[in-house]
Every structure is written in C-alpha cells, then in structure tokens.
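# Architecture and fold: a report
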Protein chains: 2
Amino acid sequence: MAATRLCFGCCGRRGEEPRPPEEMTLLGEGSHEEEEHLPRKDYESLDYDCCFNEPYIHMLEKQDSRTSSRNEAVRWVVTLFVGIFTGLVALFIDVVIKELMGLKVGIVKNCIELLSVKGYLVLSLLVLLAFNLTFTFISGLFTAAEPLAAGSGIPEVKCYLNGVKVPRVVRLFTLVCKAVGVLFSVAGGLLVGKEGPMIHSGAVIGAGVPQFQSFTFKKIKFDFPYFRSDRDKRDFASSGAAAGVAAAFGAPIGGVLFSLEEGSSFWNQMLTWRTFLCSMTAAFTLNFFLSGTRIEGENPDADSSAWGSFYQPGLLTFGQFKCPEGERGCQLWTVLDLFVFIVMGIVGGLLGALFNAINTRLTKHRMKHVHNRHPAIRVLEVLLVTMVTTIVAFTAAMTLGECKEVAPIVINVTSPVEQTVQYFFCPNGTYNDMATLFFNTQETSIRQLFHQEATFSLQSLGIFFLLFFCLSCWTYGTSVPSGLFVPSLLCGAAYGRFVGNLLKMLPGFEHIYSGTFSLIGAAAFLGGVVRMTISLTVILIESTNEISYGLPIMIVLMVAKFTGDLFNHGLYDIHIELKGVPLLEWHPPHGMDRLCASDIMETSLSYIYPHTRIQSLVSILRTTRHHAYPVVTENHDSMVERRARAKANTMVSNNIKFRNENSLTRANEQMRRIMSRRSAEIKILEDQEQRSRSGSMDSRNAEEDINFTLMTSSVELYRGLSPTAEDHGFGEKFKPLTFHGLILRHQLISLLSRGVCYAENTPSSCQPTLTYEELTEDYPRWLDIHDVDLTQLHPRMIMDVTPYMNPCPYTVSPNTPVPQVFKLFRTMGLRHLPVTNDMGEIVGIVTRHNLTTENLKQKLKDSQHLA
Amino acid sequence: MAATRLCFGCCGRRGEEPRPPEEMTLLGEGSHEEEEHLPRKDYESLDYDCCFNEPYIHMLEKQDSRTSSRNEAVRWVVTLFVGIFTGLVALFIDVVIKELMGLKVGIVKNCIELLSVKGYLVLSLLVLLAFNLTFTFISGLFTAAEPLAAGSGIPEVKCYLNGVKVPRVVRLFTLVCKAVGVLFSVAGGLLVGKEGPMIHSGAVIGAGVPQFQSFTFKKIKFDFPYFRSDRDKRDFASSGAAAGVAAAFGAPIGGVLFSLEEGSSFWNQMLTWRTFLCSMTAAFTLNFFLSGTRIEGENPDADSSAWGSFYQPGLLTFGQFKCPEGERGCQLWTVLDLFVFIVMGIVGGLLGALFNAINTRLTKHRMKHVHNRHPAIRVLEVLLVTMVTTIVAFTAAMTLGECKEVAPIVINVTSPVEQTVQYFFCPNGTYNDMATLFFNTQETSIRQLFHQEATFSLQSLGIFFLLFFCLSCWTYGTSVPSGLFVPSLLCGAAYGRFVGNLLKMLPGFEHIYSGTFSLIGAAAFLGGVVRMTISLTVILIESTNEISYGLPIMIVLMVAKFTGDLFNHGLYDIHIELKGVPLLEWHPPHGMDRLCASDIMETSLSYIYPHTRIQSLVSILRTTRHHAYPVVTENHDSMVERRARAKANTMVSNNIKFRNENSLTRANEQMRRIMSRRSAEIKILEDQEQRSRSGSMDSRNAEEDINFTLMTSSVELYRGLSPTAEDHGFGEKFKPLTFHGLILRHQLISLLSRGVCYAENTPSSCQPTLTYEELTEDYPRWLDIHDVDLTQLHPRMIMDVTPYMNPCPYTVSPNTPVPQVFKLFRTMGLRHLPVTNDMGEIVGIVTRHNLTTENLKQKLKDSQHLA
C-alpha cells in the first residue's frame, strides 16, 4: 500500500503540475466518511528554524557589519514598499468596486423610476439580474482559473503563517485572480465582503515583493537572493497580512496583532516594528489617496478635498458614535447595559454556531458534489446563488419594506447617514427601510444601522436578518473571492438594532442609545462566527475609533467565543479542517501529559551516513518520501555489552525507564527498509515501463538510474568504508545509531544536481564546496529527484554531507511529555524534531503531522486502550 | 578566593536577612571602575519552564476535567480581581494626590493673593516650601523603609518579567511603600510622575493576590496552593502590569502590548485574553469611579455626574485634538508636516540621549556617594532636590512669565483648558504663561500645551523647557517613587510647542495646528528618553484617542529611538545595567554565530547520582552554590575503547568536530571538586566556631552535620554502590557521565527536610513519596540547607532523586551556535540549559549569566584573541 501511494506521488510529480491538495481531498461518494477530517500528510511544512550548516556560517562570517546593515536597510525599505503596494491594491479594489456599483445602481434606479410608473418592476429586476450575473460570471471565471482565489483567504493566510506550505497560496497569479475576482463578486451583489481578500492580497504582496523574482512573469528576476528562505518569507508575509488588515479596516494596531497572533509565536522586536511600519504605511497610503480623491460633499467634516490631508482612516469605518446633540441624559452605554450585552453575546455565540453548523453541512455537500466536478459546475453554482440573492433582495426591498420618517436634521450640515436612505415608493419625508438596507453597499447599510436615528421597524429588521443570515451562509464557500467579515457585521448589526428597538419599548430603557446595541450585536454575531480573539477586538475598537467601547466589545466577543466554542469551531478553522490542513493549535488537547515523545514520534526513518555513495543516496531519495534524513554513525559496542550496561544502569537507578527502546526501533527500521527496497524495485520497474511508454526525453537517464539503484544494496557498500562493519551481517544485529545532524531532502538533491561528491580513492576534502547562495538558488521550487541529471556522476562516488547538514537541531528525549514537545515545536516553528535517547542515539522524529490535535487524540485513545 | 566568597554567601544567609543586591552593588571609592557594569552573579533566575517530574505528573493525572475547569475558572476570577484592585489602587493614588495638591495650592494661592499686595512674596515661598518639604520627607521615609520603592518601578517590572528574581520586588510591603510614597513625592512638587509606580503596583498586585498568602501579614493565608510557581506568578504579574498601564494611561491595548513585549516572549492565547480582561477591568474600574465621583463642571462634555456612565478613560488623557470651529483650512497635520516631524524626532532623540547621559553620570555619582551611606543621607538629598525645585519654579513663575491674552471663547461652553490658566499679577483678560505651566499639575500643563489656543511666548517656553529638563533629570534617581513618563511628556510638549510657535512665524506655515506639534514633540522627547517601542506607540495613540495620529507618532518614536540608540540605551535599561541585573536582550549581539554553546557554557558543574547518600548530598549542598545539579550515571566503556571509537568516528567523518571535549571537562570537574571539598572543610570549621560563639539553638545539629560531612568522602561511598566503580581510582580516570536529568537545589533541600530517603539494606521503593503540594509548600521562600533539621536522618541513608528530578529538560549540543542557544533559552524562559554531546554525556550548563550581552562580548573577544 505504501508503495502504491509513493508511486502515485512520484508519478504525479513527473508529468503535469501536481493536482492541488484541496482537489485531492475531495473524497468520492462518501465511501469512508470518518476519515474526511483527518489532516492529510501531503501538506509540507515550512521551516522557520535556522539551519546552521557550514555554507550558512560562512555566509554570516563573510558579512561585515556594513553588508549586514545594508541588508537590514533593504529589509526596511522593502517592508515600506510592501505597505505601499498593499495600500494601493486595497485602493484599487475599493475604487473599482465603487465605480462598478455606481454604474449598476445608477442604471437600475433610473430603470425603476422610469418603469415604476407603468408598474413593470419585473423589467428592472431583469436589468439588475443581467448586471449581477455578468459580474459574478466574470468573478467565477477568475476563480476557476485559480481555485485558491475562492473564499476569504484568511484560512489560507492562517495556514501559511502557522507553517503549512499550502501550494500556490502566495503566488502572483493567485493575487491577480483574487483581486480582480473580488471586484466582481462584490459588485455582483453577492453577500460577500472585500476585507478577507484584501488581507490575502497583502500576504501575497509581502511574500512576493522581497523575492525580487516571479515565476509567473519570468522577466521579473533581480539578483537579490537574501530573503529567499521560509523564515524571511514568513516574516514579510506576516507584515503584508498586517498591512492588509490595516488597509481594510483602518486598524494598524489590529493588523499587527493579527499577524502576531496568527504568525509569529515568538515576539521578535524588530519584526514587530517592521510589521507596524508596514501596516501604518498601508493604512496611510490608502488614507492619502482616498482623502485626495474624495468626492465633494461625501465627508462634511472637512471642507475641501485636499491632497496631503488624512481624513479617511480606512475602508471600513463605523462613523462617530455620539448622542444626538439635543438629547440630555443620553449616554452611549451604562454599567447596567453590560448585562444586556452579555446576554446578547450568548445569543450571538449561539447564532454564530448555528451559522457555522449550517455552513459546514453545505461545504461538505459542496466538496462532494460541486468541487470535484468540472469547473463549469462551480461557475453555475455561483450564478445560481447570484440569481436567488438578487431576486430575494429585490422582492424584499420592493414589497416588505415599511415607510419610515426621515429623522429631523438637527445640525445645519447634512449627516452622510441621511444621504444614503432609499426612498422607493415612499411618500415625501419618509423612506423605505428594507430598501435602504438591501440597496446600499454593505458598509453603508452597517452605518445606517449604527447611526440612523429614524428607527427601522422591528418587522423589517427581523426579516432582513433572517434573509441575510440564510443567503450569506449559503454564499460563503462558493467559488468566488468572498470575505466573511462585513456580511457578518451587517447581519449582527441588524440583530443588535432589533434588540435595541425591542428594549426601547420597555420601561426604563427609553434613553438607551440604539447605535451601541447595533454595534454590540455586530460584534456578538461576528465573534460567534469567526471567534477571532484579540486581534478582532482591537480591529473593532479601532474601527469605532471610540476607546470607551473597549470593555463592552471585549466582553461580548469573549462571551460569544466561549458560547460558540461549546458547539463548534470558528468558521475559518472549520474550513481549514475540511481542507485537511495539519494546523497546529495553540495548545495540545487536554490530558496529553500522559503521552510522551516516544508515543507519538515517527519511528520509520531512513538514515544516511556522513559519507554516502551517490547510488545509495539516489536510491534512498527515490524510494522514500521523507523530507529529512538523520545523519548517523553506528555505535561500536556489541549488543552484549549494551545489555550489561543497561542492566548496570538499572541497578543503579531502577526508576530511569527509557533504556532499550531504540533497539526495537532500529529493528523496525531495518525491516522497513528491506520492505521498502523490495517494493521500490517493483515500483521502479513500473516507472520504467510507464516512461518508455510516454517516450520522454530522459528515459535513458532513468534506465541508468535504475541500473545503479539495483546494482548493490547500500549497506553492502559500507563494508569497505566503515572499519568495524565486518563484525555483523546485514539484518542480524541492529546497531544503535549515534545522531549527528539532519539533512533535508531538497539539500541532498541540490548537492546531487551540482555534483558535490568525491571519488573513492581521494580524500573527502577534494569534494567541491557549495556556497549558501548556490544552495538556496532553487528556492522555493526545489528540484525533484527525478528531474536531476545524474549522468555526470559516477554512482560509486561518495558524498560528504556533514558540511551541509544541520549539525545542531533541537532535540528532545523520548520520555519528554507531549506538552513540552508541542511547546518547543510550535514556538520555534520547527519542521522536524529528532528524538534522541540519553546515549545520543536517534529513535524517532516528531513532525507537524504527529502533533495535530486529531493525531494526538488518536494516540491517547490507543494508549488508554492498551493500558 | 572562591571559598571566601562562598563563605560570605553562606554566613550572610545564616544571620540577619541578606543585604539587598542593589546595596551590594554599590562599590567603594571607585577602586575597580571597569567592573561596575558587569551583570552580577548573585541574581537568581526565575524558572518559567515546567518540571515534569513524577509528583507533577501525578498531580496532573489526578486532575479530572472538572478540577481543571474549576482551576481555570479560579484563574479568570482572580485575574478579574487583580484588575479591579489595580484600578482601585490607581484611583486611590489619583484621588489622594488631587486632594493633597488642592490643599497645598489653595493655601499657597490665598497666601500669595493676600501677601502680594504688601509684596512679601518670600513668605508665600516659605509656606510652599514647608508643604513641599514635609511631603517629600514623608515620601523619603517610606522609600528609606523599602529602598526598592524608589524610582519608577518599570525597570524592576521589566527585570521580573524578563526572568530575573529581583529580591522583594513583588512584596506587599514594597507595594505599600511605593503607593504611599508616590502620593507625597508627586504632591511635594517634585518633577516626577505617578504612572511608573502604578505599573509597579499593578505587577505586585498581580503577583500577590493569586498566592492567597502574605509573608508580611502572616494572617493572610488561604489553602489554595495552585498558582505557587514561578510560571503562574509571572503570568499574573504580567497581567497586573498590563492593568497598571491601562489604569495609568487609559490604554488597555497598550497595557497588553506592554506586558507581551516585556514579559511573555511566547504568545499564549489564553494568557493574552486574561491580560486583556485584566487591563480592561482596571481601566473601567477607574473610569467608573472617576465618572461617578467627578467634580461638577470638570468635564463639560457630560452634563451630570452619573454613576454607571464612563467618561474618563484614564488618568492621563490628552483631550480631544480638533481644529477650532471657526477656522477653515486648518488640518491636524498634512503630509508635508511629516518631514518636520522627522526632524523633530531626530532632535528629540538627541535631547533624550543627552538627558540619559547626564542622568547616568548623576546616578553613578549617587551610587558612590549617596546610596551606600546612611539612609538619612538619601532623605537629605530628596529634601535638597525639593527645595531647589520649589525655589526655581516659584521664582520662574513669579518673575519670568509673560502676560498673554486668554483666547476668545468660541463656543458657549467653557473649555476646561481655559479654566486652568493662572492669572498671577496679570491684568484682566490676560494670564501668566510661565505660572500656568509651573503651577498646575503636570497633566494639566500638558493639556495646556496641547490645547491652549492663546499662545505661549517663545521665551517662556524655552526657559520652561531648560529648567524642566535640568530639574527632572536631577530628580530621576533620587530615593522617592518617581515616574518618568509624565515629566518627559511635559518637557517634550514644551519643546514641541516651541517648534510649533517658531514655525507659525514662517511664511506658508500660518495654518499649522500647534497642538499637533506639541504632541509630536512630547512623543519625540519621551521616545528619546525611554525608547520603549511598540507599546509606547500604542499607549500614546490610545491616550490621544485619535487614530489619525498613528502614523506621525510611530514615525517620530522610531526616528527618536534610532537616533538615541546611536549614543546610549533607554533610561530604564541604563538603570537596569547600573544595578547589574543580568537581563536578556532581544537578540544576542552581532557576530555571535562564531561562538557555540561549548564556548560559553559553565563547565564547572557539581553532579549527583540517581541514588546518593544523605551525607554526600548535604556536603555537596553546603560546599557549592549551584542552583541545579545534573543527575548522571557513569559510562562503562574504558578510556581505551572510547579513544578507538572516537578515532573510528573520525575516520568515517572527519568533519564532525565535537568529540573529546567532555573528558577535559570531566577532569576539570574532579579537580574542582577536590579543591572545593578542601576549602569547604575549612569553611565548615570556621562556621562551627562562629556558631558556637553565637550560641544558637541549633548548634548541636550543626556539629553533627559537620561530623558526618567530614566522615567520609562522597566518592568513596560510591565504591560499594556502583558495580563497576572499583576498576578505577578517584582522580585517575575520568569517566564520561550520562545525563539523566536536572534537580534543583531547593528540590533537594525540600526532599532532605522531609526525610525522603531509604536505608542501605532496603529497596529504594521504601522511600517515602512526596506529593506536588508538599514539594511546593515552601514557595517562594525556599529553605536554606543550613536551616534544615537533619537530626532525623542517618547520614548513610540513600536518597533516590529520580522521581523528583526534571527528567527531560531541553538540551543543546556543544556545537550549537550561540544565537540558536539564545533563542531557545529566552523564548522558553529557561533557567538552566544542559549541554550534552552526541553520546548523551553532559559537558556543561548554560545559564542566564552566560548569555548576557557583556559576557557574550567578552567570550567573543577571548576567542578572537586566541585565534
């Protein structure tokens, strides 16, 4: 079974571009339902730890303080540009959406006004439908071109910052599809927001700009290879994501907290400064252009549209909360309201949990029946959603609204809130409340609910909430770029305003400020849906620009989160789980102190020796799919001696438990290697057949490879080399393996492809040395072993891997409790954590896949079953 | 030499309370000037890592999910109370200071008005002096009672959160002295702030409340031992510090960031939530009471002093920045102003560096000539500072001020800024600008500079800045509780206003808003002095309650920090350095990748075996001052074998460098132990003499102790025990030591004092077992080995330490580069990091002292010297 999976993996890689994992997840017709949620093993991890091998040390030593300050300066300048670009992309998205909406609404409104006289409302609906369907069709096309552009993008950014390599998530092409797609999905009248995609765009810009190269556009390639490592890329991407948040919500501090919370578990002072600079730059770039190009009269607080001033803190502003001038005794909120807020938080959490449960069902259904079909099916689904949304919204606005009086304007300046009400079919001095909610941009509707003093009718608010809840729940997850933030806020604001209006009818509550309840409702529902924690709180506080809302917003978000967590996870996390991404949570699940590293580690390892023949290296690389290989030497004391020693140790200390584990492990390993070699032989033969059929160019090389892979077993080769290898036959005694370091698959392949090896009869110092730049040249698209041209290398040459391995990875002992292991792994952003016993012998490796919640729970169940 | 130091340490501990380290630092008359800055070794570290020994595991296993949820709930409730208490303490400080100031100013003003007619101004000065001297005398007395109460407290909190055990820093007595002292130092007219002490108070409350016990007040002792560990205490203290920031500045988010930045390098989601709750609670507790008890008319925005409303976000509010209603074309700031801000930031950084340089000189002088004398000298110094400050301020206000016109009041409501101007000797409609600055509370003066539209004269601003700069620089570091924040802000605001007024005279700058320049000046100077980074930025943004100042404040703070860093460190850091606290910086200094763990580690270790006789344990504990002992067993292969093995390894891999290091180490260790035993014998004899003279109760015990310590050498004892110990004589061959775990000094002493051991002829399972509660009972004041009653224990009994040691500390290999070691140590909050070679043998231990910047730089110099 292992062989067939390996084979698939290898074959898949050879031919076309491998299929994206999210497609591979989609299971058949429910044949093994229970496995649906298990994290999949084909996601690679990113490596945030430094590998202090010799090329890296040499590179560091070569850097005098001038070079390193120059690099540091470049880092800051690049960060600045990431901020500026992110701000510009956000500006582009915002401006184009406004233009498209303006075009659409203008024509449709004219149409309605023209036709309503004659009563042909259906015609107006058709015009609207034509617009919306065209727009969402375009959006759907872009998403079909790049499936990763679908959805809000926050789950993908979360995964990336958590350390999972989601393929294609930070490519330029993804950015283009996402940014253009979201224009048309929002303008197309779908109940989606543009904020999530902006955050994703920021992350892509952050990850992309400092690379100074692009694979999509081959011409973009500068010779500046300094930031081409997972660690640097992660740092820039987190700055970019922060900039995205800052631009989308006008919340630079919230942005920094977002990226800190999701990304860097270790607080790095300079990185935080850079992130802060980046998010401030993005927010103020946007602010600068918006203030400069502002349409006259849109913001009455300022008197002229002056370039160089800063009036628009962000795209999502909630306006100023203040009591109407005339009313004495009105307060934004009092301490008694807090109790109402807590109840609202609980209800918000419940509503959010319901939203998530329905959406989970829908998404599973979609994964089975929509996503694994032809892309056209997805586009059709999008069109269906658009049609229903448009018809429902139009009908509701036309038929279910009530005519309400426009609030008397107290001050001489017209408040912007009053300018955006819709008057459809209402007598003079009144407006249509349902149409006001449905026929504005969502941001405007939110501001209406927050600040419109003329009240909405209870009935309209209730119907609006219900319709919006169902439609937005259905929409999230279709194949268009779709933010979740603003729809949730709007839905929650309707709920909050509903509660506020209800309360105003009670005695003693006449003076409450309904805007506050609206805001709290929005926070409660959003908190119930996404459960985003600190950064969310700060984003909301910053968006309201009113520090005194801090306490209620925080309490409501906490209550909503705790209530919701009783039922399910946040919607972003649910979508990550459904994709099978091995995300590392904050903490290991409860009860994990009963397990230790040896219970969860991967024991089937493939080892290499410090000096290895090319042929065995190639064989190991082709027959295994590991991403790292421990470099080991064999210990020299015989088994008998070891037993005596272990016994003696037991006499001295009968409480030290962890003694003989590794001999078992070693036996396993040898057995496994024999098995794997056999299956590999079969596999290679199959491979050969397939290749000769496909008649590819490199079939000659491949044949040669196979020949030398099959020629000798790698262990036999070692007889001559290792002076004491004679005293035991292969597979009879299992020697303990002293651990020296870890080498990554891609490092080995880079070494092979550059011919780093020496002939049998020369000293190892004859081996050519690679610089750090050469080693990282292929980043981030490492070569596959099958793509390497091995004709130049004699199979019996030897490679000395010691200069290139990581000589000092963090290690843990086999009896380290899992919480300890988890903490080290997550905090340090590790990819492989070798487990060594107290003789310095390697007994296993812990990877991300061993530490996912699902896997840990499974292991705990197994161990309890045994006990 | 080592022996005498040891002796001093032990003797010091036996008699009275040991002298506080800050007193011990104070050197004589400059005999060894260059050692002044080296971090001192007598600071202990806190241990934030979990010790997964058997009692802890048992404790965890006993906890079912109900107990653990109950504990979690208690944790939240306690956090809530920490927030409330911190808010109340801040309220107390604020209210009492206001009352004292009101009393003082009222009487003095009356006096001036009465006497000015007759011209006897000197009498008024004398009245003022009498008040001020009395107040500061009281403050000085409290500080003399607890020297740690002096200063701002932020350095101490920083050290504590960084992981250094500064003695008495989180005690209730310190809190009382600090909170009462700051009342009188601020009311006494000294140029100090109350914000730093509030943060310290918060940290003490956070560290103290969850302990449910007090050593100062013995009666406070509840049976709730769950949070009695360094880790939990740190977590609560960081929440408390955040609450302090939140209360002092009305900046809950800034508070969270402060505690994150200083304290928890690892972002723990639940801890962050708790911290957030705590700081919000503190801010709103304060807000609630301030709003409720608000004096009528103080805040004209609200109309009644209503309990239950929230109008006062914090103690330090900057008021609302807005353009005067009448003026068109005024903007808070434009993009062109940014360039001015950058220049202001540079100048602010330079001024701050100058301030720090002068204060450093002063502090060194003070340490030599004031602090190591009788406490009365310190109080006298305080009185001197008070006298000079009072006379200078009074004289300046009376003679140097200019009469300026009060701004025409545009709106019908009187702005609070206009109410606080001082009219001394000025004709009607005008006010005395210098008196306005000097005769208000500092917070009011700041608001004056920010918002007073009637301008201050350039001359007054300049003189005020100069006087204030010198006086506050002289004041910081005297023996009173003294915050640095508000004086720096005020000083900077004067500088900023000066620049603003200057600019207004230039063509093209007529329309600038001088409040902005004032704010930017304040930020620049504060940033130049304290260099506090992200949290500072957020605190300022929150205090202004105006998000659009985000970008300029951030840029100015960054520029000021970078400029200042060219010359010296932030003032808090300077004071930490002067105290010799081994603080771990963010990053190791540049070039550290050339060193590896084996270059910096401590190699002179004392080992213990898993099963050790009581007498050798006691002897080791008495003759060494280590805080941790590695638990080791000896390896069994002879030296010859090891050589062969090493050679073979070299043949296989000539690039693996780290082979034979530990035999050298081991030799050192054995030599050292012999030396130490000899000196210890002398020491114990001296000790005996001293004790018999003092005629203490326990002299009989002590004698017995000494007898069995001297009876046999610990190594001889091991002959019978270890089955292979016979084949080598002591000191001839040095066996490699396999590392099994680490046991702390206080754990060993707890075990000894509770008689955990078994007789020679019984199995080790007869040893009594201790629970987790018993092990941690003495926290945080562990017993000293000399205080343990050992009469119950037969010296030849054996202790099995394996259940109590930490069996799986993080380890590193000897060739791990220092940056890697540093990252692990700092991020994980470690106390001891064992260094083991790839045979699993311990070769050294890295502690905080090995990783301080000074030590690392020294080691680098040494290694370059050798090369």
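Quick notes on the rules
- Residues numbered from 1 in each chain as written.
- Chains lettered and ligands numbered in written order.
- Predicted model: local features only at pLDDT ≥ 70, side-chain atom pairs only at ≥ 80, totals over all residues.
- Heavy atoms only, no water.
- Helix = DSSP H or I, 4+ residues; strand = E, 2+ residues; numbered from the N terminus.
- Expected span 1.5 Å × (residues − 1).
- Buried < 20%, exposed > 50% of the residue type's maximum accessible area, 1.4 Å probe, protein only.
- Phe/Tyr/Trp six-rings, centres within 6.5 Å; stacked < 30°, edge-to-face > 60°.
- Lys NZ or Arg CZ within 6 Å of the ring centre and 35° of its normal.
- Contact = heavy atoms within 4.5 Å.
- Domains from an automatic or database assignment.
- Salt bridge = Lys/Arg side-chain N within 4 Å of Asp/Glu carboxyl O.
- pLDDT = per-residue confidence, 0-100.
- Polar contact = N/O pair within 3.5 Å; in protein donor to acceptor, adjacent residues only side chain to side chain.
- Pairing = 2+ DSSP bridges.

## What to know about helix 5 (residues 121–145) of chain A
For helix 5 of chain A, with 25 residues, the first-to-last C-alpha span of 36 Å sits near the 36 Å given by 1.5 Å per residue. Along helix 5 of chain A, the residues that are buried comprise S124, L125, L128, L129, F131, N132, F135, T136, S139, G140 and T143 of chain A.

## With respect to the packing of aromatic side chains
Under the counting rule described, the total for this entry stands at 38 aromatic pairs over all chains. Measuring from ring centre to ring centre gives 6.0 Å for F81 of chain B and F85 of chain B, while their planes differ by 50 degrees; the resulting arrangement is tilted. Taken as a pair, F81 of chain B and F85 of chain B lie in helix 4 (residues 65–116) at a separation of four residues, close to a single helical turn. Here F288 of chain B and F289 of chain B contribute two aromatic rings whose centre-to-centre distance is 5.4 Å and whose plane-to-plane angle is 85 degrees, an arrangement assigned as edge-to-face. Through successive ring pairs, a cluster of aromatic residues spans F355, F465, F469, Y495 and F525 of chain A. One cation-aromatic arrangement involves R274 of chain B over F236 of chain B; the distance from NZ or CZ to the ring centre is 6.0 Å.

## Overview of helix 18 (residues 485–504) of chain A
Side chains of residues three or four places apart in an α-helix project in the same direction, reflecting 3.6 residues per turn. Taking 1.5 Å as the rise per residue, helix 18 of chain A with 20 residues should run 28 Å; its terminal C-alpha atoms sit 28 Å apart, in good agreement. Burial within helix 18 of chain A is extensive, with 17 of its 20 residues counted as buried.

## Some points on the side chain of N568 of chain B
Residue and element names in this part refer to chain B. Within the element layout of this structure, N568 appears in the loop between helix 21 (550–565) and helix 22 (571–579). N568 gets classed as buried once you look at its relative accessible area, which sits at 17%. Among residues more than four places away in sequence, those in contact with N568 are A353, N356, A357, R531 and I574.

## Quick word on the domain arrangement of chain A
Each assigned domain of chain A is listed here: domain 1 (83–291), domain 2 (335–376 + 399–579) and domain 3 (597–636 + 732–866). Taking the mean C-alpha position of each, domain 2 of chain A and domain 3 of chain A sit 51 Å from one another.

## A word on the pattern of salt bridges
Evaluated as defined, the whole model comprises 36 salt bridges over all chains. As a salt-bridge pair, D94 of chain B and K194 of chain B come within 3.9 Å of each other at their nearest N and O atoms. Pair noted here: D94 of chain B is in helix 4 and K194 of chain B is in the loop between helix 7 (172–187) and helix 8 (195–208), with a separation of 100 residues, a long-range link. Across the pair, exposure class does not vary: D94 of chain B and K194 of chain B are buried alike. Here the salt bridges do not stand alone but share partners, grouping D94, K98, K194, E195 and E443 of chain A into one network.

## Side note on the confidence of the model for chain A
Residues and elements named next belong to chain A. Chain-level pLDDT for chain A is 77 on average; 76% of the residues reach the 70-or-more range. Ranking the elements of chain A by mean pLDDT puts helix 28 (residues 714–721) last with 35 and helix 12 (residues 337–369) first with 92. Note that residues 295–304 has pLDDT below 50 and, in this model, 16 contacts with residues that lie over four places away or in other chains. Confidence drops under pLDDT 50 across residues 691–734; counting only partners more than four residues distant or on other chains, this segment forms 60 contacts. Quick note on the complex model: pTM equals 0.83, ipTM equals 0.82.

## With respect to the side chain of S139 of chain A
Residue and element names in this part refer to chain A. Take S139: it is sitting in helix 5. From its side chain, S139 meets the backbone oxygen of G181 in a polar contact 3.0 Å long. When neighbours within four sequence positions are excluded, S139 is seen to be in contact with G181, F184, S185, V480 and P481.

## A look at the pairing of strand 10 (residues 842–847) of chain B
Residue and element names in this part refer to chain B. Counting buried positions along strand 10 yields six of six residues, so the element is predominantly enclosed. Of the pairings in the sheet, the one linking strand 9 (residues 832–836) to strand 10 comprises five bridges and is antiparallel in character. Looking at strand 10, one finds that V835 is bridged to G844. Remark: five residues form the turn of the hairpin made by strand 9 and strand 10, two consecutive strands paired antiparallel; G840 in that turn has positive phi of roughly 80 degrees.

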